[in-house]
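# Coordinate analysis (summary)
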Amino acid sequence: MTSRAIRNLATFTLQDGGGVPLVLLHGFPLDHRMWVACAEHLPPGIRAIGVDLPGAGHSDLDGFPPSIEHIADAVYRTMTEAGEGNAIIVGHSMGGYVALALAERHPGFVAGLGLVDTKSTADTEEARAKRLRIAAAVDASQTVDAVLGMPANLVGATSTEHRRNLFPLLDSWIRAQSPAGVAWSQRAMAARPDRTAVLERLDAPVAVVVGAEDTITPLAEAEHMVRAAGSPAGPAMGDAALTLVPGTGHMSVVEDPQAVAAALGLLHTHVVAHH
Ligand code: MLT
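Fair warning: this is a prediction, and the values are worked out from it, not measured in the lab. (Residues numbered from 1 in each chain as written. Predicted model: local features only at pLDDT ≥ 70, side-chain atom pairs only at ≥ 80, totals over all residues. Heavy atoms only, no water.)

### Focus: the overall build of the protein chain
Helix and strand counts for the protein chain stand at 12 helices and seven strands. Over its C-alpha trace the protein chain gives a radius of gyration of 17 Å, about what one expects of a compact globule, namely 19 Å for 275 residues. Considered along the principal axes of its C-alpha atoms, the protein chain spans approximately 55 × 50 × 35 Å. Looking at the 275 residues of the protein chain, the share that counts as buried comes to 56%. For the protein chain, contacts bridging at least 24 residues in sequence account for 82% of all contacts bridging at least 6. Side chains of the protein chain give 19 positive and 29 negative charges; the mean places of these two sets differ by 6 Å. (Helix = DSSP H or I, 4+ residues; strand = E, 2+ residues; numbered from the N terminus. Rg over C-alpha atoms; globule rule 2.2 N^0.38 Å. Buried < 20%, exposed > 50% of the residue type's maximum accessible area, 1.4 Å probe, protein only. Contact = heavy atoms within 4.5 Å. Lys, Arg positive; Asp, Glu negative; His and termini not counted. Charge placed at Lys NZ, Arg CZ, Asp CG, Glu CD.)

### Some words on the site of the ligand
Around the ligand, a shell composed of Gly 27, Phe 28, His 92, Ser 93, Met 94, Tyr 97, Arg 131, Met 189 and His 250 is seen. Within the side chain of Tyr 97, an N or O atom sits 2.6 Å from an oxygen atom of the ligand. In this structure, an oxygen atom belonging to the ligand sits 2.9 Å away from a side-chain N or O atom of His 250. For the shell around the ligand, the class distribution of residues is four nonpolar, four polar and one charged. (Near = heavy atom within 4 Å. Polar contact = N/O pair within 3.5 Å; in protein donor to acceptor, adjacent residues only side chain to side chain. Nonpolar A, V, L, I, M, F, W, Y, C, P; charged D, E, K, R; others polar.)

### Observations regarding the environment of Gly 156
Topologically, Gly 156 is positioned in the loop between α5 (151-154) and α6 (157-162). Given the relative accessible area of 2%, Gly 156 is considered buried. For Gly 156 and Thr 215, which are 59 residues apart along the polypeptide, the C-alpha to C-alpha distance reads 7.9 Å. With residues near it in sequence (within four places) discarded, Gly 156 still touches Glu 213, Thr 248, Gly 249 and Glu 255.

### Quick word on the pattern of salt bridges
Taken as a whole and assessed by the stated rule, the structure comprises 11 salt bridges. Across the pair Arg 105 and Asp 73 runs a salt bridge whose closest N-O atoms are separated by 2.7 Å. With Arg 105 in helix α3 (residues 94-105) and Asp 73 in helix α2 (residues 68-81), the pair connects residues that are 32 residues apart, well separated along the chain. You can call Arg 105 partly exposed: its relative accessible area is 38%. Put simply, Arg 175 and Asp 171 hold a salt bridge, and the shortest N to O gap is 2.8 Å. In this pair, Arg 175 and Asp 171 both sit in helix α7 (residues 166-175), four residues apart, roughly one turn of the helix. Judged by relative accessible area, which is 23%, Asp 171 ranks as partly exposed. Bridged by salt links that share partners, the residues Glu 69, Glu 104 and Arg 195 form one connected network. (Salt bridge = Lys/Arg side-chain N within 4 Å of Asp/Glu carboxyl O.)

### Here's the deal with the packing of aromatic side chains
Within the structure shown, the criterion is met by one aromatic pair. Consider the rings of Tyr 76 and Phe 109, whose centres lie 5.4 Å apart with planes at 90 degrees: the pair is edge-to-face. With a gap of 33 residues between them, Tyr 76 in helix α2 and Phe 109 in the loop between α3 and β5 (110-116) connect regions that are remote in the sequence. Phe 109 gets classed as buried once you look at its relative accessible area, which sits at 3%. Above the face of the Phe 167 ring, Arg 164 is positioned so that its terminal group lies 4.5 Å from the ring centre. (Phe/Tyr/Trp six-rings, centres within 6.5 Å; stacked < 30°, edge-to-face > 60°. Lys NZ or Arg CZ within 6 Å of the ring centre and 35° of its normal.)

### Quick notes on the packing of α2 against α3
The relative placement of two packed helices is expressed as an angle between their axes plus a distance between the axes. For the pair α2 and α3, interaxial distance at closest approach is 8 Å and the crossing angle is 75 degrees. Considering their axes alone, α2 and α3 lie roughly perpendicular with respect to each other. Taken together, the residues of α3 that come into contact with α2 (itself represented by Ile 68, Glu 69, Ile 71, Ala 72, Asp 73, Val 75 and Tyr 76) are Met 94, Tyr 97, Val 98, Ala 101, Leu 102 and Arg 105. (Axes fitted to C-alpha atoms, helices over the stretch in contact; angles between N-to-C directions. Parallel < 35°, antiparallel > 145°, perpendicular 65-115°, else oblique.)

### What about the environment of Gly 57?
Its place among the elements puts Gly 57 in the loop between β3 (45-51) and α2. Remark: the alpha-carbon pair of Gly 57 and Pro 29, spanning 28 residues in sequence, is separated by 9.6 Å. Leave out the neighbours within four places in its chain, and Gly 57 touches Asp 31, Asp 52 and Gln 177.

### A closer look at the sheet that holds β3
An order of β1-β3-β2-β4-β5-β6-β7 is seen for the seven strands of this open sheet, with the pairing classed as mixed. Each edge of the sheet is formed by a strand with only one pairing partner; in this case those strands are β1 (11-15) and β7 (242-245). Direction aside, neighbouring strands of the sheet carry axes that sit 20 degrees apart on average. Most of the contacts of helix α10 (residues 219-229) go to strand β6 (residues 206-211), to which it runs at about 170 degrees, and overall it touches β5, β6 and β7. (Pairing = 2+ DSSP bridges.)

Written as structure tokens, this is what we have:
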């Protein structure tokens, strides 16, 4: 019998600093590099750690069946073994699904939650079936061809017109991913449940960020999360609770890294005040 163990994930210090760190979890089918420009715009002194999730970037798959809960446990284990007592978990899209699972499974570790262009709801049957079709196509071709068309939907209309440089950048990040990791991640996302209730229970500041032109996880999903996080049990976040980033789509983090960094800086300030 082969024994399986959660392997530590590849991590990258994107900005040095002290105190509670921001742990930045990437979307699909990308890796920690999507956070680099955003981390450069963070207020100085905030420590930012990028993570490559299982099967992405420099992190291998470790033999576990596809599951967002497994990714959350791998992030938690990687951070606690590195000596972190708690962290502000920030997830973009798929990374947000992981952040919510981490908050559900290890709430004491989560000093704050940043949810960027993501949602707490589960997939529709149609979306789930599409993911499984993509995973099968990736497995069959042993290439990532089935996801190469994604950038056209990932960025917003404004970037499509004015930030053409993002297309080759996103394309190069997607082409660098392993087919096995891409298929695994699709299956993991397809299996995740609705985690809106996690936000109702969490006793930590929550910041929700969404590109005004995001058509994948649109404003209505962001507002749904803010409503859940703003229930009486949670700490008040005032205006920081929802940041709408104009002129950006689902990739607000790379389309306007400065605006997203400002929202995360504010979240950090709220977390420090809450402690
Ligand atoms: C992502 O950006 O992580 C994906 O678009 C998320 C998803 O497919 O739900």
